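# Notes for the structure review
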Amino acid sequence: METPGSQSSLHRANLERVVRAVRLAGSLTQAEIARTTGLSAATVSNIVRELKDGGTVEVTPTSAGGRRARSVSLSGDAGIVIGVDFGHTHLRVAVGNLAHQVLAEESEPLDVDASSAQGFDRAEELVNRLIAATGVDRSKIAGVGLGVPGPIDVESGTLGSTAILPGWTGTRPAEELRGRLGVPVHVDNDANLGALGELVWGSGRGVRDLAYIKVASGVGAGLVINGKIYRGPGGTAGEIGHITLDESGPVCRCGNRGCLETFAAARYVLPLLQSSHGTDLTMEGVVRLARDGDPGCRRVIADVGRHIGSGVANLCNLLNPSRVVLGGDLAEAGELVLGPIRESVGRYAIPSAARQLSVLPGALGGRAEVLGALALALSEMGDSTLLDGTLSTATPAFT
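In what follows, the accompanying structure is described. (Residues numbered from 1 in each chain as written. Predicted model: local features only at pLDDT ≥ 70, side-chain atom pairs only at ≥ 80, totals over all residues. Heavy atoms only, no water.)

### Side note on the overall build of the protein
Of the regular secondary structure elements, the protein holds 15 helices and 13 strands. For the protein, whose C-alpha radius of gyration is 23 Å, the value lies close to the compact-globule estimate of 21 Å for 399 residues. Each of the three principal axes of the protein carries a C-alpha extent, and together these read 75 × 50 × 40 Å. For the protein, with 399 residues in total, the buried portion stands at 51%. Counting only contacts in the protein whose residues sit at least 6 apart along the sequence, the fraction spanning at least 24 positions is 61%. Total accessible area on the protein stands at roughly 17800 Å², and carbon and sulfur atoms take up 49% of it. (Helix = DSSP H or I, 4+ residues; strand = E, 2+ residues; numbered from the N terminus. Rg over C-alpha atoms; globule rule 2.2 N^0.38 Å. Buried < 20%, exposed > 50% of the residue type's maximum accessible area, 1.4 Å probe, protein only. Contact = heavy atoms within 4.5 Å. Areas by Shrake-Rupley, 256 points an atom, 1.4 Å probe, with all protein chains shown as cover.)

Okay, structure coming up:
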């Protein structure tokens, strides 16, 4: 039994700091580990050597700033995590290891009218199929990250009202999937997971404060403050789609009038083009036509961008993020939508906040949420198993 303040407890704490830093980042040089953890270079070197001898981490030669360095990542066979993303019309599952490598990924259509039981049946089948395809031992599963298109009550884990999967309201997704797979399951909404995905793998890398704006059937934001997702006490932080732009505007599904969502979400935008482009038009089609020069689609996308920019300006004035990442189909429009967003931010945000902000398209496309689910599972798993294995096979170095 370790005594608080003893050399062994200090050593254990330092091990945990290093393993956690590497686990969350995927890979770090030893110099980056020292900066991230606040440990000395000598202490980091000793700990990395111990973890390597115990088979917990892998060390590979790399370069940083033109100089030779050593990259540290968790061992590829130390364990796996699973990401599950339920969307408006799809189910996507990915399997990854603790070194942030995606081992398998698959997506299939999902009937929006399917019951939650049918949806979880499909998810269980797809997870089992991918585990079998990778040949990974199920005992290696450290956890599952689960994304759903609606607010999750932080205390109860219950899915709140969602217009995307209306038959799922009131269910407890994490509890349901945990009962089927027999492993820890962590759940969050799709916007938060998109933010996590871009933060770890995409356009948010290297920043500590960002907002991920997802525009699809609805409009939501995932907020990262000081490197962590901010959910609020009830789990509803980031509902940027319900910022009021026009109190006399269209009635929103939330019951208010003139919400940002009524000017930017697909269900409100597509009818504007139906008389000229037909009823089968999708947001993906609007973006494609706009990029090909269609004047009507270009105008609609520019208007949507200006409305989103008004909401982003409010975020800038309140939270002062350093980066905004646009996700969903609309991001594929590139500067056709990003330019108007920046224009509105420049007009309505405090000048100092606007100057510090960069607005970028997401780098992960439709994969952002499922990769964010992997990142969620990685961030929530504990390090005890990894460290217990290390301590039982390696001789502790003096730290």
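### Some words on the side chain of Asp85
Examined against the element boundaries, Asp85 turns out to sit in strand E4 (residues 80–86). Of note is the side chain of Asp85, whose polar atom sits 2.8 Å from the side chain of His90. What Asp85 contacts, discounting residues up to four positions off in sequence, is His90, Leu91, Arg92, Gly147, Glu369 and Val370. (Polar contact = N/O pair within 3.5 Å; in protein donor to acceptor, adjacent residues only side chain to side chain.)

### Structural notes on the sheet that holds strand E3 (residues 67–74)
One open sheet accounts for three strands, arranged E1-E3-E2; its pairing is antiparallel. Every interior strand has two partners, whereas the edge strands, strand E1 (27–29) and strand E2 (57–64), have only one. Neighbour to neighbour, the strand axes of the sheet diverge by 30 degrees on average, direction disregarded. Pairing geometry for E1 and E3, over three bridges, is antiparallel. Bridge pairing in E3 links Thr29 to Ser71. Its contacts with the sheet place helix H2 (residues 30–37) against E1 and E3, and it is angled at close to 95 degrees to E1. (Pairing = 2+ DSSP bridges. Axes fitted to C-alpha atoms, helices over the stretch in contact; angles between N-to-C directions.)

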